[in-house]
Amino acid sequence: MATQRSAGRRGRLPVKPPAERFAIQYLSGYLTTPLPPPVYPVDVTGGITDWGMLGNGPDPTLPAYPNGVSDCTFAGRQHNRMAKAAAAGEQEQWETTEALVAEYLAYDKGQDMGANMAELLLYWYRAGTILAFAPVDHTQPAEVDAAMAAFHGAYVGVNLTSDADQLFGQHQPWTTAGGQQPNPNEGHCILKVAADGSQLDSWVTWGAIQQSTLGWTQACLEEAWVIITEEDAQAASLNLPQLKADIDVLHGQGG
């Protein structure tokens, strides 16, 4: 019998208008050798079963905020770190939920309004929290899946449908088969961790693995990124100096 689970909150602010977006190439533009095409099924969960709500919904480890906060962007970063560590066979001491939420609220200036993913990535880069980042063309599923495989997770932004909470609670895939439409006011940050290439994608959100149909992904996925470590850059033949040079001249609220 499937365990009961509860959906959490959102917290991804809308992408900026095209004229205001970062002048940076897609990941593919910084690769000295193209990523190999995905070999399905792709799965970078590393055997992890307990991902943790990390404050993005009802969380007993966060008594100060019993209903959680809108920190999905921060939870997604930590979930990505977990997947990368599992791939490397490393044991890590993770930031506690309280510390992660405190970090989010400090960034958010206590408003609990969520975050724009691009601005947040730039902020983390300038703070030295991450080594680098790069966008992936979210309209090309194979590119997203190749990046997910190479970088052990794709850090993505979606617009949820109205039945997302219900389907999550029922352990049912997110779908648009019934005419559901993505709601731009329901922006959410999740981590893509698996794909079978024919029917279903899998994401980490609200402490669990949630599947979706490929049709849902096509309709609801609005942005995709990879968060890059030194190990990632070496394994993927990435021109890291050029990428960092391009990030260094970006203008935004990242610090």
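These figures come from a predicted structure and were not determined experimentally. (Residues numbered from 1 in each chain as written. Predicted model: local features only at pLDDT ≥ 70, side-chain atom pairs only at ≥ 80, totals over all residues. Heavy atoms only, no water.)

Caption draft 1: A look at the overall build of the chain. On a plain count of helices and strands, the chain comes out with eight helices and seven strands. The C-alpha radius of gyration of the chain comes to 17 Å, within 12% of the 18 Å expected for a compact globule of 255 residues. The C-alpha extent of the chain, read off along each of the three principal axes, is 45 × 40 × 40 Å. Here the contacts in the chain between residues at least 6 apart in sequence split such that 75% fall between residues at least 24 apart. Of the roughly 11800 Å² of accessible surface on the chain, a fraction of 52% belongs to carbon and sulfur atoms. (Helix = DSSP H or I, 4+ residues; strand = E, 2+ residues; numbered from the N terminus. Rg over C-alpha atoms; globule rule 2.2 N^0.38 Å. Contact = heavy atoms within 4.5 Å. Areas by Shrake-Rupley, 256 points an atom, 1.4 Å probe, with all protein chains shown as cover.)

Caption draft 2: Region of the structure containing unusual backbone geometry. The step from Tyr-40 to Pro-41 runs through a cis peptide bond, and the omega angle for that step is -5°. Locating Pro-41 in the fold gives a position in the segment before β1 (42-43). Despite not being glycine, Leu-54 has its phi angle at roughly 55°, a positive value. The residue Leu-54 is located in the loop between β1 and α1 (72-88) in this model. Accessibility expressed as a relative area gives 7% for Leu-54, which makes it buried. Its identity is not glycine, yet Ser-237 carries a phi of approximately 50°, on the positive side. Considering the arrangement of structural elements, one finds Ser-237 in the loop between α7 (230-235) and α8 (240-248). (Buried < 20%, exposed > 50% of the residue type's maximum accessible area, 1.4 Å probe, protein only.)

The analysis is restricted to geometry; functional conclusions fall outside its scope.
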